[in-house]
Amino acid sequence: MTKLSKPSIIVILGPTASGKSALAVRLAKKLDGEVISADSRQVYRGLDIGTAKVVRDKRRTKSDTYFHEGVRHHLLSVASPRRIFSVARYQILARHAIQDILRRGKLPIICGGTGQYIDAVLGAAPLPDVPPDPRLRAKLEKLSPAELFTRLKKLDPRRANAIDRHNPRRLVRALEIVLTTGRPVPKLKVISYKPPVIVLKIGLFPGSEVLRGRINRRLAHDLRRGLTAETEKLHAQGLSWKRLNELGLEYRYVARYLRGLMTHDEMTAKLQTELWRYAKRQMTWFKRDKDIRWIKTEGEALKLIKKH
């Protein structure tokens, strides 16, 4: 097991189905590290199959701490899906986790595909503190997602380019910020991180053709594992169809299938298309960060770490 000579943070990022979680676990075993999830949906309890959450070790299930393959993971299943989990809340919890891991002499490995979370925890300022405007929201919520997206694209093309155009909650919030402040949603402004640590950002991208194949294979695997039953269970536990629609592509389209709004084949085809589009949006976000070192294999990651 290798120990790094200076306090460090390694970030493993990339689009959906690129293999980030598996790489993070292998690196954690080699480097005496612990993984901090940077996924905006894996924070929620009960959203397991649809978010590709790593499976918890059976012998550790009664513990408050989440282990996978013997590696400790942070910020998995820490929030109720009934309530919105904010970027600011993630920033606070993730920084506490980093400080705890470093204090114990281990390596923090941030792993995920939610670029906004990664930026926030590494020292980026949170989104503007614009309080909810019930009257404005009531007006916006009368519009369809397509109408909301069209309006956002006119007011803030940069934000529209990276947002999930089918997620009405995010669209409404983005428009609320723009219309309230009179300015586009600002880019996250990077500020110094204290205490100072060495940060290495590693982007995992196996190539477009390979990634698209992985997305389709993982979707098929998730459906066999019980994604439909998981969605049905979440609804039975009190999550409305509207809330499921907000919790990501998998739950959105499986919920539509359960409601009889599309066939199983239509659901599968739609998910394949939308998950690929989502992966491209993730890459659009990541490509603006010139500090990311892009790789395809674990060997390349180890070489980068050794050199760094």
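Look a little higher up for the structure.
Note that the coordinates shown come from a computational prediction; the quantities given were computed from them, not determined experimentally.

## Some points on the overall build of the protein
Thinking step 1. Summing up its helical and strand segments, the protein has 13 helices and 7 strands in all.
Thinking step 2. Against the 2.2 N^0.38 benchmark of 19 Å for 308 residues, the protein shows a C-alpha radius of gyration of 19 Å, consistent with a compact globule.
Thinking step 3. Along the first, second and third principal axes, the C-alpha set of the protein runs to 55 × 45 × 40 Å.
Thinking step 4. Per-residue burial for the protein yields a buried fraction of 48% across its 308 residues.
Thinking step 5. For the protein, long-range pairs separated by at least 24 residues make up 74% of all intrachain contacts whose partners lie at least 6 apart in sequence.
Thinking step 6. Carbon and sulfur atoms make up 52% of the accessible area of the protein, which amounts to about 16,000 Å² in all.
Thinking step 7. Mean positive and mean negative side-chain charge positions of the protein (64 and 29 charges, respectively) differ by 3 Å.

## So, the packing of aromatic side chains
Thinking step 1. With the rule as written, the count across this model stands at 2 aromatic pairs.
Thinking step 2. Plain terms: the ring middles of Tyr-90 and Tyr-117 are 4.2 Å apart, the flat faces sit at 20 degrees to each other, and that makes the pair stacked. With Tyr-90 in helix H2 (residues 87-103) and Tyr-117 in helix H3 (residues 115-121), this residue pair connects regions lying 27 residues apart in the sequence. Each member of the pair, Tyr-90 as well as Tyr-117, is classed as buried.
Thinking step 3. One Lys or Arg, Arg-243, reaches over the ring of Tyr-44 and ends 5.5 Å from the middle of that ring.

## Here's the deal with the nonpolar core
Thinking step 1. Counting 48 residues, the largest nonpolar core has Ile-36, Tyr-90, Ile-110 and Ile-118 as its most contacted members.
Thinking step 2. Among the elements that make up this core, the one with the highest residue count is helix H12 (residues 264-286) (7 residues).
Thinking step 3. The contact partners of Ile-36, leaving out residues within four places of it in the chain, are His-74, Leu-75, Tyr-90, Ala-94, Ala-97, Ile-98, Ile-101, Pro-108, Ile-109, Ile-110 and Cys-111.
Thinking step 4. Core analysis: the next-biggest nonpolar cluster, separate from the first, contains 20 residues, Ile-10, Cys-111, Ile-202 and Ile-295 among them.

## Observations concerning the environment of Arg-217
Thinking step 1. Considering the arrangement of structural elements, one finds Arg-217 in helix H8 (residues 208-225).
Thinking step 2. Under the relative-accessibility criterion, Arg-217 is labelled exposed at 54%.
Thinking step 3. Considering only alpha carbons, one finds Arg-217 and Gln-272, 55 residues apart in sequence, at a separation of 9.6 Å.

## Examining the sheet that holds strand S7 (residues 293-295)
Thinking step 1. The strand order across the open sheet built from 7 strands is S3-S4-S2-S5-S1-S6-S7, with neighbouring strands paired in mixed fashion. Here the strands that pair on one side only, and so sit at the sheet edges, are strand S3 (66-68) and S7. Direction aside, the axes of adjacent strands within the sheet are offset by 30 degrees on average.
Thinking step 2. With 3 bridges joining them, strand S6 (residues 198-204) and S7 adopt parallel strand pairing. Residue pairing for S7: Ile-202 is matched across the bridge by Arg-293.

## Here's the deal with the pairing of strand S4 (residues 71-74)
Thinking step 1. One ladder, built from 2 bridges, connects strand S2 (residues 33-37) with S4; its direction is parallel. Within S4, the position partnered with Val-35 by the bridge is His-73.
Thinking step 2. Taking the residues that link successive antiparallel strands as the turn, the S3-S4 hairpin has 2 residues, and the phi of Glu-69 there is positive, at about 55 degrees.

## Some words on H12
Thinking step 1. With 23 residues, H12 extends 33 Å between its outermost C-alpha atoms, agreeing within 8% with the 33 Å of an ideal straight helix rising 1.5 Å per residue.
Thinking step 2. For H12, the set of buried residues is Met-267, Thr-268, Leu-271, Glu-274, Leu-275, Trp-276, Ala-279, Arg-281, Gln-282, Met-283, Trp-285 and Phe-286.

So, how was this worked out
Residues numbered from 1 in each chain as written. Predicted model: local features only at pLDDT ≥ 70, side-chain atom pairs only at ≥ 80, totals over all residues. Heavy atoms only, no water. Helix = DSSP H or I, 4+ residues; strand = E, 2+ residues; numbered from the N terminus. Rg over C-alpha atoms; globule rule 2.2 N^0.38 Å. Buried < 20%, exposed > 50% of the residue type's maximum accessible area, 1.4 Å probe, protein only. Contact = heavy atoms within 4.5 Å. Areas by Shrake-Rupley, 256 points an atom, 1.4 Å probe, with all protein chains shown as cover. Lys, Arg positive; Asp, Glu negative; His and termini not counted. Charge placed at Lys NZ, Arg CZ, Asp CG, Glu CD. Phe/Tyr/Trp six-rings, centres within 6.5 Å; stacked < 30°, edge-to-face > 60°. Lys NZ or Arg CZ within 6 Å of the ring centre and 35° of its normal. Core = buried A, V, L, I, M, F, W, Y, C linked by side-chain atoms within 4.5 Å. Pairing = 2+ DSSP bridges. Axes fitted to C-alpha atoms, helices over the stretch in contact; angles between N-to-C directions. Expected span 1.5 Å × (residues − 1).

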